[in-house]
Amino acid sequence: MDTEQSAHRLTIIGAGTMGVGIATMAIGHGVPVVLVETDALARDSAYTRVRQQTRHAQLLGGTPRGAAPAELTVTGELADGRHAGAVIEAVTESAALKADVLGEVCGLVEPGTPLITNTSGIPIGELAATLKRPGDLLGTHFMNPPYLIRMVEVIRGEHSDQAAMAATMALLSALGRQPVVVRDAPGFVTSRLLHPMINDAARVVGAGTATVEQVDALMHGCLGYPTGPLRTADLIGLDNLADSLTALYERTGDEGCRPCEVLLDKVRQGHLGRKSGRGFYDYGEALS
């Protein structure tokens, strides 16, 4: 194992779509991972999902060629990740839940350990205000799938200290990522621009102006959006998108961020996108 990679030990909290994807990226780059998940079903399937995604990453060049994956440990106990060199929290997009998890892990790891919240839009300062060591906290916004998309939005909160930032930059370098550091604000850059646009695309469909396929075809063919906003929504997860939009609306008051009825109706029906097998498109089977 490369010396730089082996110097890092990563704890990831949450074995959902992003937690598993980040774990896949990390072990594929030689960084050992402790993946913490309290839900038994998600925990039991985590090894299988990481193994499947590792094969996908290798086939598409998302991991170094010929490198053996680092060790992955899956556990239900947060204390098992207390020796981490850095912690990435990747639980549901809920400020209250994230604050609870970060508060607990802050009491377990050594002071100075970077606490990295993977959020699509909850302000870092809002979460930092709940911690005993706010300087250790910063944000990342990995895109899905994180093992294929190399650029990462990194959010420096008002209280994020230089040591935490430097350690996180070193970790991202070991993971082969390209960070872009932005200032703290609701939605940061990517979600503040992308999510309201997806919401508007769903409104266009709901109004009967165009079909899902027509919206995506026009955005791709005329405006150069590679996948189209609604296929992107299915990849993000429509429940995650609705949560992110709600968080943006509550913090900005922007009506464009209020989740539209088309989106909310799909979430109520359990049509959550690629991961459930159906969203704006029908995929036939759930994403593993």
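Use the structure listed above.
Because the structure is a prediction, the values reported are computed rather than measured. (Residues numbered from 1 in each chain as written. Predicted model: local features only at pLDDT ≥ 70, side-chain atom pairs only at ≥ 80, totals over all residues. Heavy atoms only, no water.)

1. Comments concerning the side chain of Ser120
The residue Ser120 is located in the loop between strand S5 (115–118) and helix H5 (124–128) in this model. Non-local contacts of Ser120, meaning those with residues more than four positions away in its chain, are made with Glu93, His141, Gly187, Phe188, Ser191, His195 and Ser244. (Helix = DSSP H or I, 4+ residues; strand = E, 2+ residues; numbered from the N terminus. Contact = heavy atoms within 4.5 Å.)

2. Let's talk about the nonpolar core
Soluble, globular proteins show a tendency: their nonpolar side chains are buried together. Membership of the largest hydrophobic core comes to 32 residues, with the highest contact counts inside it found for Leu10, Ile12, Val33, Leu35, Leu72, Ile88 and Phe142. Mapped by element, the contributors of at least two residues to this core are strand S1 (10–13), helix H2 (17–28), strand S2 (33–36), helix H3 (40–59), strand S3 (72–75), strand S4 (86–89), strand S7 (151–156) and helix H6 (162–174). A per-element tally of this core places H2 first, with seven residues. Sequence-distant contacts of Leu35, defined by excluding residues within four places in its chain, comprise Ile12, Gly14, Ala15, Gly19, Ala46, Leu72, Thr73, Val74 and Thr75. Core analysis: the next-biggest nonpolar cluster, separate from the first, contains 24 residues, Val34, Cys106, Ile124 and Leu137 among them. (Core = buried A, V, L, I, M, F, W, Y, C linked by side-chain atoms within 4.5 Å. Buried < 20%, exposed > 50% of the residue type's maximum accessible area, 1.4 Å probe, protein only.)

3. With respect to the pairing of S7
The pairing of strand S6 (residues 137–141) with S7 spans three bridges and is antiparallel. When the bridges of S7 are listed, Gly139 appears paired with Ile155. Two strands pair when backbone bridges link them, and S7 and strand S8 (residues 178–183) are joined in this way by six bridges, in the parallel orientation. If you follow Val154 over to S8, its bridge partner there is Val181. In this view, the connection linking S7 to its parallel neighbour S8 by way of H6 has right-handed handedness. (Pairing = 2+ DSSP bridges. Right-handed = clockwise from strand over helix to strand, strands pointing away.)

4. So, helix H10 (residues 238–252)
Here H10 contains 15 residues, and its C-alpha end-to-end distance of 21 Å stays within 8% of the 21 Å for a straight helix at 1.5 Å per residue. The inward-facing, buried residues of H10 abut helix H7 (190–206), helix H9 (229–236) and helix H11 (261–268). Phi turns positive, to about 75 degrees, at Gly253, one or two residues after H10. (Expected span 1.5 Å × (residues − 1).)

5. Focus: the sheet that holds S5
The strand order S3-S2-S1-S4-S5-S6-S7-S8 describes an open sheet built from eight strands, whose pairing is mixed. Two strands bound the open sheet, and with one partner strand each, they are S3 and S8. Each strand of the sheet is rotated relative to its neighbour by a mean of 25 degrees, with strand direction disregarded. Two elements, S1 and S2, share four bridges in a ladder whose sense is parallel. Note on S2: the bridge partner recorded for Ile12 is Leu35. (Axes fitted to C-alpha atoms, helices over the stretch in contact; angles between N-to-C directions.)

6. Comments concerning empty space enclosed by the protein
Taken as a whole and judged by the stated rule, the model has two cavities of 30 Å³ or more. As for the second largest cavity, its lining consists of Ile27, Gly28, Thr54, Gln58, Thr63, Pro64, Ala67, Ala68 and Pro69. At the level of elements, H2 and H3 are the ones that each hand at least two residues to the lining of the second largest cavity. When the residues that make up the lining of the second largest cavity are grouped by side-chain class, the tally is five nonpolar, four polar and no charged. (1 Å grid on protein atoms, 1.4 Å probe; cavity = no way out; pocket = protein on both sides within 12 Å on 5 of 7 lines; lining within 4 Å. Points joined across faces, edges and corners; volume = space filled by probe spheres on them. Nonpolar A, V, L, I, M, F, W, Y, C, P; charged D, E, K, R; others polar.)

7. Quick word on the packing of aromatic side chains
Tallied over the entire structure, the rule returns zero aromatic pairs. Positioned above the aromatic ring of Tyr281 is the side chain of Arg231, whose terminal nitrogen or guanidinium carbon lies 3.8 Å from the ring centre. (Phe/Tyr/Trp six-rings, centres within 6.5 Å; stacked < 30°, edge-to-face > 60°. Lys NZ or Arg CZ within 6 Å of the ring centre and 35° of its normal.)

8. So, H2
Every α-helical turn comprises 3.6 residues, leaving residues that sit three or four positions apart pointing alike. An ideal rise of 1.5 Å per residue puts 16 Å on 12 residues; H2 measures up with 17 Å between its terminal C-alpha atoms. Buried residues dominate H2, accounting for 11 of its 12 residues. Within H2 the residues assigned to the buried category are Met18, Gly19, Val20, Gly21, Ile22, Ala23, Thr24, Met25, Ala26, Ile27 and Gly28. Contacts from the buried residues of H2 go to S1, S2, H3, S3, S4 and S5.

9. Structural notes on the environment of Gly135
Position of Gly135 among the secondary structure elements: in the loop between H5 and S6. Gly135 sits 26 residues away from Asp161 along the chain, and the two C-alpha atoms are 4.8 Å apart.

10. Points about the layout of surface pockets
Quantified by volume, the largest pocket comes out at close to 1100 Å³. When residues of the lining of the largest pocket are traced back to their parent elements, those giving at least two are H2, helix H4 (95–106), H7, H9 and H10. By residue class, the composition of the lining of the largest pocket is 16 nonpolar, 18 polar and seven charged.

11. What about the environment of Gly279?
When you line up the elements, Gly279 lands in the segment after H11. A residue is classified by how much of its surface remains accessible, and Gly279, at 3% relative accessible area, is buried. Distance in space between the C-alpha atoms of Gly279 and Phe188 is 26 Å, their sequence separation being 91 residues. Once you skip the residues sitting within four places of it in the chain, Gly279 turns out to touch Asp234, Leu238, Lys266, His271 and Gly273.

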